[in-house]
Amino acid sequence: MKRLIFIVCAIIMSTQLISAQTKQVSGTVTSADDGMGMPGVSVVIKGTTSGTSTDIDGKYSIEVKSSDILVFSFVGMVAQEIPVGSQTVINVTLETESIGMDEVVVVGYGTVDEKRLVQNVAVIDEETLENLTATSSQELLQGRASGVQMTQSSGVLGAFSVVRVRGVGSLTAGSSPLVVVDGVPMNDGADFNYTNTQGGNTGLNTLIDINPNDIESMNVLKDASATAIYGSRGANGVIIIKTKSGSYKQDATVTADFYTQWTESTDEIDMTNADEYRQYLVDIGDASSVDELPQGSFDWPSAVTQTGFSYNADVSVRGGSERIKYYLGATYSDQEGFVVGNEMQRIGGRLNFEVKAKEYLNIGANLNVSQNKIDRVGLENSTFAPMTSAYLQYPWVEPYDENGNYINTGFIANVIAIEDLDLDDVVSKRSYGNFYAELDIIDGLKLKTDFGFDQLSVEETERSYEINSSGGYGSNRIVEDSKWLTTTTASFDKLINGMHRVTALGGISYEESTLGRTWVEGSNFPLDALRNVESAAEKTTTSHIRNQWSLFSLFSRIGYSYAGKYTFEGSLRRDGSSRFGPENKYGTFWSVAGGYAISEEEFMQDAIPGLDFLKLTASYGVSGNDKIGYYPSFFLYTAGADGNYNGNPGLVPDQAGNEGLKWEENKSLDLGLRSRWLNGRLRFDVTYYRKDISDLLINQPLTYITGYDAVAKNVGEMQNSGFEFDINATIVKTPELEWSANFNMTTVKNEITALPNTSTDVNGSNFIAGTSAQRAVVGKSANEFYLIRYSGINPQTGDAEWLTADGEKTTDPGDSDRVYVGSAQPDFFGGFSTTLKYKGFDLSGFFNYSSGNKIMVDGFRFTDRATATFNIRKKVLNYWKQPGDNAYAPSPSSSTAGIFAQRSDLFLFNASYLRMKNLTLGYTLPESTLNLMGGFIKSARFYVTMNNVFTIKSNDLEGIDPEVTDDTDPLAQGETFFTPPQSKSYILGLRVSF
């Protein structure tokens, strides 16, 4: 027994002696990114401070015990712990640490991973878009990206949307961002109105030609570091849309999405019916009894609105083999709006493919074709528009005679007859895309050449008829807008020694666009059945124009990143444009940017609990705006009828030239902080921005003795500044339950800082009049309302009272009493969304909001007249009758009754709102259920969606949508004249993949 105890003790002592002995361990630490040795890697014995670091080649040597554990760590890389044991050589490969920032972000002419991103880019990714049901691509932008304000100009189908990136970017040049789809800059009609009329529901929408289900991501470039690479077109921001593609070695997946939609108006103005209106006329003394007034009754507002019914079908196939990847999509939709007579049919197809022709050569194409046929309704500010006419029409007027035939209702048109008999169709056909080839020259160096095109054809046909008689009017307008471009770039991206990443891009591009328009019109047709202009007895107009512009560009970008901590980037672009004269044909645009990842410093490791990543960014640069027409710098002449002299042809001066005209310039400063917390579950970003816009393009008035009324000049300055906040959080994440939320807010302050040689107001400030109600004025915003202030009804006299410019009450205000009373631009805006997923169910809600902006409801100048010229709002029935009354309208006998509804801030309202834009409930069938159905279905999701669910707004805006605006002009925002509101819609859908 003693011998056994002795042997055991000997073994234990010998083991402890062996373990106490040390040995030399060496090896090499390499990067998983490029296989190169990593210098500066920390190699420490766990639980101690003893250790070493790798040399310039990534090699190390350390004295350890067999029982030790070595910890290998480097900022931005995943640390590894390796027991020593019997090993004497330990080689380690470190991988880049992923904290949810390894996503690839599309930027100008390339991509970059988010961790190295120094540009300010709002990303709406595929995960965000996956379960959204949108009838138009523009809906995907609203409220989902900080810095981006999107206002739907009208509830009419196909209407143009007003999109602003960090505030209004110009006064008279284009103010919309550049839209780039798969590398092709799209024509957007900024230089030419494709249709016959202008207004909120007439401007054609660029994004309408893009199927929302085809979009993989939408990235909005906001700061100069991101936009300067687009040079003369980047001042208003850039929206980069990447469409879906397949993947190599991916089985084909067929996805079908079908939904049915019902729509109705979100807002309706409460008007008097025939009995109420007749009694009102008697009460105010315009008639002695209701019997002497016209009889009859008709509810015009209800007659011009309806429950619209629509359906949509999308089918796509995506997949790939070892050498080919592809995406093929097709869509068809038939939409009926809630305004009678407004319909739209759309058909489209997309083919994206890429072929790996050689190991070093990829070739591919992105192609899209679409056709939109829109049955349009009259312009808002016209008595031929359904809702305008319905609100103004006398409620006793009926659209039919006793035999059921349409009747002529006079000045206020019979819009029931118009929508039934007249024709106002727009058919737009668009094909766009690109072909490309990409060559891998050496490791890290690629050469890509790209040929793109954008072909747009718009045909507008109008026919109007005399009711129950021959005659009428007809016109045809055909517009062809054709662009082609070619771009060649060389790009370099290399990680050196695991610490130094160098990127570079150089490119050359040329694009050319030609627009032609032919317009014929005639009147006095023999029969309604003969609809061609050729059948008109009088050919009143025949015209044809042809415009062309071209742009030649050289551009470059270079970047450097060190150890994942410091990133620097600069870009330079040189544009030559045919739009400008020889003095300023070429312009130079540039940017510089830097980023400092503080969290990658060793002293920050574990310094702030829960912090994963913290980075500071800064950028400054210059971009431009060239959306100023085709020939703004040239002296132009016109011929034809205007040049006719005594029966002989001639030329007449038409436009004053300015060879010194040049681009508007946008100098942008951007300071940002980006952070990630709790293993990527919380993201918080904040940015300060300032945009100084100089050389504003203004049509400066000239004295008529020059023979011209104005000349285009660079004469103004403007500034936008504010903050952007983005918060994204995954609140709960378990195998069965996930809850996430996103919030963004943008503040914006717009100020005109200079408008030399323009009109001057009573305060001596220079201004440009945008409309009768608003101005762009120095020291204030570009959309400042300039109105008489309304005080109210005097309860003792029944007179309406206003304020003079000095603040004194008056019953007889004049034009000199107008003052600045608010802006159409908001103080802040944004959006909030939340998604809850439980097993197969998903519930998501999305809100958007705006605060501080005003809206001018110009239509109330007609419906609120105390002297009843048209139908009136029910609110006018609350008029003054006796002393002490707290009334809305003045006494009918008051001298102010005739001017009560004049243009004043009585009809200027606070347009702040919070709207539940979208509510969706979906259910995805479990895999076990699908297997019972044969297993050929990969996924199936049923969903119910409501759009524009409810809106919290000012009580004064009853019947008015706070989002609408009846003009896309930057100088005419926030005004409405019975603009159709947005629709409330209900959608039932099914998405199946197999």
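Now for a quick tour of the structure. (Residues numbered from 1 in each chain as written. Predicted model: local features only at pLDDT ≥ 70, side-chain atom pairs only at ≥ 80, totals over all residues. Heavy atoms only, no water.)

## Section: the pattern of salt bridges
How we decide: By salt bridge we mean one thing: a side-chain nitrogen of Lys or Arg within 4 Å of a carboxyl oxygen of Asp or Glu. For the exposure calls, accessible area comes from a 1.4 Å probe over protein chains only, and a residue counts as buried if that area is under 20% of its type's maximum, exposed if over 50%, partly exposed in between.
Following the criterion strictly, the structure yields 42 salt bridges and no others. Measuring nitrogen to oxygen at the nearest pair gives 3.4 Å for the salt bridge that ties Lys 667 to Glu 665. Judged by its relative accessible area of 26%, Lys 667 is partly exposed. Connected through salt bridges with shared partners, the residues Glu 114, Arg 676, Arg 683 and Asp 685 form a single ionic network.

## Some details on the side chain of Ser 985
What counts here: Put simply, DSSP H or I for four residues or longer makes a helix, DSSP E for two residues or longer makes a strand, and each gets a number counted from the N terminus. Nitrogen and oxygen atoms within 3.5 Å of one another constitute a polar contact, given that in protein one can donate a hydrogen and the other can accept it, and given that sequence-neighbouring residues count only through two side-chain atoms. By the convention used here, residues are in contact when the closest approach between their heavy atoms is within 4.5 Å.
Among the secondary structure elements, Ser 985 is positioned in strand E52 (residues 983-993). On the basis of relative accessibility, which here comes to 3%, the residue Ser 985 falls in the buried class. At 3.4 Å, the side chain of Ser 985 forms a polar contact with the side chain of Gln 261. In this structure, Ser 985 is in contact with Gln 261, Trp 262, Thr 263, Thr 945, Met 946 and Asn 947, ignoring residues within four places of it in sequence.

## Some details on the sheet that holds strand E1 (residues 22-31)
So the rule is basically this: By this definition, two strands are paired if DSSP reports at least two bridges between them. Note on geometry: axes are lines fitted to C-alpha atoms, helical ones only across the stretch in contact, with angles between N-to-C directions running from 0 to 180 degrees.
Taken in spatial order, the three strands of this open sheet run E4-E1-E7, and their pairing is mixed. Taken across any chain shown, the strands that pair with only one partner, and hence form the sheet edges, are strand E4 (59-65) and strand E7 (92-94). With strand direction ignored, the average angle separating the axes of adjacent strands in the sheet is 35 degrees. Here E1 pairs with E7 via three bridges, running parallel. By the bridge assignment, Val 29 is partnered in E7 with Val 92.

## Here we look at the environment of Ser 823
Relative to the assigned elements, Ser 823 resides in strand E44 (residues 819-823). Residue classification places Ser 823 among the buried positions, given a relative accessible area of 13%. The sequence separation of Ser 823 and Ile 855 amounts to 32 residues, and the corresponding C-alpha distance is 8.3 Å. The contacts of Ser 823, once residues within four sequence positions are left out, are Ser 781, Asn 783, Glu 784, Phe 785, Gly 852, Asn 853 and Lys 854. Within the structure, the side chain of Ser 823 is placed 2.8 Å from the side chain of Ser 781, a separation counted as a polar contact. A distance of 3.3 Å separates a polar side-chain atom of Ser 823 from the backbone oxygen of Asn 783.

## So, a negative patch on the surface
Quick note on the threshold: Two joining distances apply to patches: 9 Å for like charges and 5 Å for nonpolar side chains (Val, Leu, Ile, Met, Phe, Trp, Tyr), and every residue must have over 30% relative accessible area and no salt bridge. Shrake-Rupley sampling with a 1.4 Å probe provides the accessible areas, and residues are treated as covered by the protein chains on show and by no other component. Positive charges are assigned to Lys and Arg, negative charges to Asp and Glu, while His and the chain termini are left out of the count. One atom stands in for each charge, and that atom is NZ of Lys, CZ of Arg, CG of Asp or CD of Glu.
Judged by side-chain charge, Glu 103, Asp 125, Glu 127 and Glu 130 come together as a negatively charged surface patch. As for its placement among the helices and strands, Glu 103 is situated in the loop between E7 and strand E8 (104-107). Its relative accessible area of 38% is what places Glu 103 among the partly exposed residues.

## Concerning the sheet that holds strand E48 (residues 908-910)
Reading across from one edge, E48-E47-E51 is the order of the three strands in this open sheet, with mixed pairing throughout. Pairing within the sheet leaves two strands with one partner each, and these edge strands are E48 and strand E51 (975-976). Of the strand pairs in this sheet, strand E47 (residues 854-857) and E51 are connected by two bridges, and their pairing is parallel. Within E51, the residue paired with Met 856 across the bridge is Glu 975.

## Thoughts on the nonpolar core
The following threshold applies: Nonpolar cores are built from buried Ala, Val, Leu, Ile, Met, Phe, Trp, Tyr and Cys residues. Side-chain atoms within 4.5 Å join them into one set.
If you look at the biggest cluster of nonpolar residues, it comprises 65 residues, and the most contacted ones within it are Tyr 280, Leu 281, Phe 785 and Phe 900. Of all the elements, helix H4 (residues 274-283) adds the most residues to this core, at five residues. Apart from the residues lying within four places of it in its own chain, the contact partners of Leu 281 are Asp 286, Ala 287, Leu 293, Trp 396 and Ala 868. The next biggest cluster of nonpolar side chains, apart from the first, holds 25 residues, and it includes Leu 141, Val 163, Val 181 and Leu 207.

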